Amino acid sequence: MYCSPDSIMTQPLPRERTVKTFSQLETQFNLQHSTDDQFFPEWLNLDNTLTEPEQKILDGIQQKYFYQLSDGQLGEETIKLIVLSPLLDLAGFFQPPFRFTTEPTVQITAERDEIIYRGRIDALVLLERLWVVVIESKETSFSLEMALPQTLAYMLAHPNLQRPVFGMVTNGGNFIFVKLQYQEFPEYELSSVFSLLPRRNQLYQVLQILKRLGRMAIEL
């Protein structure tokens with residue numbers, strides 16, 4: 001079923017229903033994965049350098065993450081406390097003009113070895129142009145892929161898809177960025193996955209991308 005831009009704006013995806021697959025979005029909104037190499041250059045062309053204090057804070061986040069991880073999977077709020085909150089603070093998202101609003105928590109489940117694991121997806125939105133989605137779980141880690149359809153559903157509900165909307169999805173140890181834009185139909189593209197595992201701290205790149213997307217959210 002094809003949906004026009006007007007129908008997308010007047011018929012937002014029901015938020016109370018969990019979106020589990022990309023095929024649901026393809027059927028309801030004609031969402032397509034872009035094949036244009038230039039569709040999402042914003043995460044590639046990074047022109048801002050980080051200060052030494054910023055680098056030290058990011059290195060501290062990485063160290064705290066591994067320290068907490070040494071005893072097992074991170075608790076529900078630990079990701080926000082030691083990873084997400086200081087990262088968003090460095091990116092300037094706790095200052096004007098940014099304000100956070102929240103979306104209803106979405107429950108996720110996965111069955112492995114006859115055991116059902118449960119987690120949740122929390123979403124924050126800044127200026128209605130930049131989404132931050134956090135996957136949380138006490139028992140086991142969930143891959144970023146499990147949260148991407150729900151993230152895109154949130155982003156599709158934005159009232160003006162004539163301008164791009166950006167998102168970041170994280171489970172605490174991995175990060176991926178998303179861009180959504182309406183051209184002939186809604187299209188999206190993903191960045192590479194950034195991880196806290198490599199010795200070279202990839203939070204440097206995550207912060208640079210967040211800063212750039214934050215500037216774009218204000219300017220567009």
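Caption draft 1: Looking closely at the overall build of the protein. From N to C terminus, the protein includes six helices and nine strands. Across the 220 residues that make up the protein, the buried fraction comes to 50%. Long-range pairs, those at least 24 residues apart, make up 63% of the contacts in the protein between residues at least 6 apart in sequence.

Caption draft 2: Highlighting helix α6 (residues 203-219). Along its 17 residues, α6 runs 24 Å from first to last C-alpha, staying within 8% of the 24 Å computed at 1.5 Å per residue. When you tally the buried positions in α6, you get 13 out of 17 residues, the bulk of the element.

Caption draft 3: Here's a closer look at the environment of L144. By the secondary structure assignment, L144 is in the loop between β5 (130-137) and α5 (148-156). Residue class for L144 comes out buried when judged on its relative accessible area of 6%. Measuring from C-alpha to C-alpha, the distance between L144 and T170 comes to 6.7 Å, with 26 residues separating the pair along the chain. Beyond its immediate sequence surroundings of up to four residues, L144 is in contact with I135, V169, T170, N171, N174, F175, I176 and V193.

Caption draft 4: Representation of the side chain of S191. Following the sequence through the fold, S191 ends up in the loop between β8 (186-190) and β9 (194-195). Looking at S191, its side chain comes within polar contact range of the main-chain nitrogen of F177, at 2.9 Å. Excluding residues that lie within four positions of it along the chain, S191 makes contacts with F40, W43, I176 and F177.

Caption draft 5: Focus on the packing of helix α3 (residues 52-69) against helix α4 (residues 78-90). Across the interface, α3 lies against α4 with an axial gap of 10 Å and an inter-helix angle of 170°. One element, α3, and the other, α4, form an angle in the roughly antiparallel class. Residues E54, I57, L58, I61, K64, Y65 and Q68 of α3 lie in contact with α4, whose contacting residues are T78, I82, V83, P86, L87 and L90. A breakdown of the residues in the contact of α3 with α4 according to their chemical character gives nine nonpolar, two polar and two charged.

Caption draft 6: Highlighting the pairing of β8. Counting buried positions over the five residues of β8 gives four, a clear majority of the element. Sheet topology note: the strand β7 (residues 174-182)/β8 ladder contains five bridges and is antiparallel. Bridging from a neighbouring strand, Y182 pairs with P186 of β8. The turn joining β7 and β8, which pair antiparallel and follow one another in sequence, is formed by three residues.

Caption draft 7: Broad picture of the pattern of salt bridges. Evaluation of the coordinates by the stated rule reveals three salt bridges. Of the charged contacts in the structure, one is a salt bridge between E52 and K56, with a shortest N-O distance of 3.6 Å. With E52 and K56 both in helix α3, this residue pair falls four residues apart, about one helical turn. The salt bridge partner of K211 is E54, with a shortest N-O separation of 2.5 Å. In this pair, K211 sits in helix α6 while E54 sits in helix α3, placing the two residues 157 residues apart along the sequence. Each member of the pair, K211 as well as E54, carries the same accessibility label: buried.

Basis of the calculations
Residues numbered from 1 in each chain as written. Predicted model: local features only at pLDDT ≥ 70, side-chain atom pairs only at ≥ 80, totals over all residues. Heavy atoms only, no water. Helix = DSSP H or I, 4+ residues; strand = E, 2+ residues; numbered from the N terminus. Buried < 20%, exposed > 50% of the residue type's maximum accessible area, 1.4 Å probe, protein only. Contact = heavy atoms within 4.5 Å. Expected span 1.5 Å × (residues − 1). Polar contact = N/O pair within 3.5 Å; in protein donor to acceptor, adjacent residues only side chain to side chain. Axes fitted to C-alpha atoms, helices over the stretch in contact; angles between N-to-C directions. Parallel < 35°, antiparallel > 145°, perpendicular 65-115°, else oblique. Nonpolar A, V, L, I, M, F, W, Y, C, P; charged D, E, K, R; others polar. Pairing = 2+ DSSP bridges. Salt bridge = Lys/Arg side-chain N within 4 Å of Asp/Glu carboxyl O.

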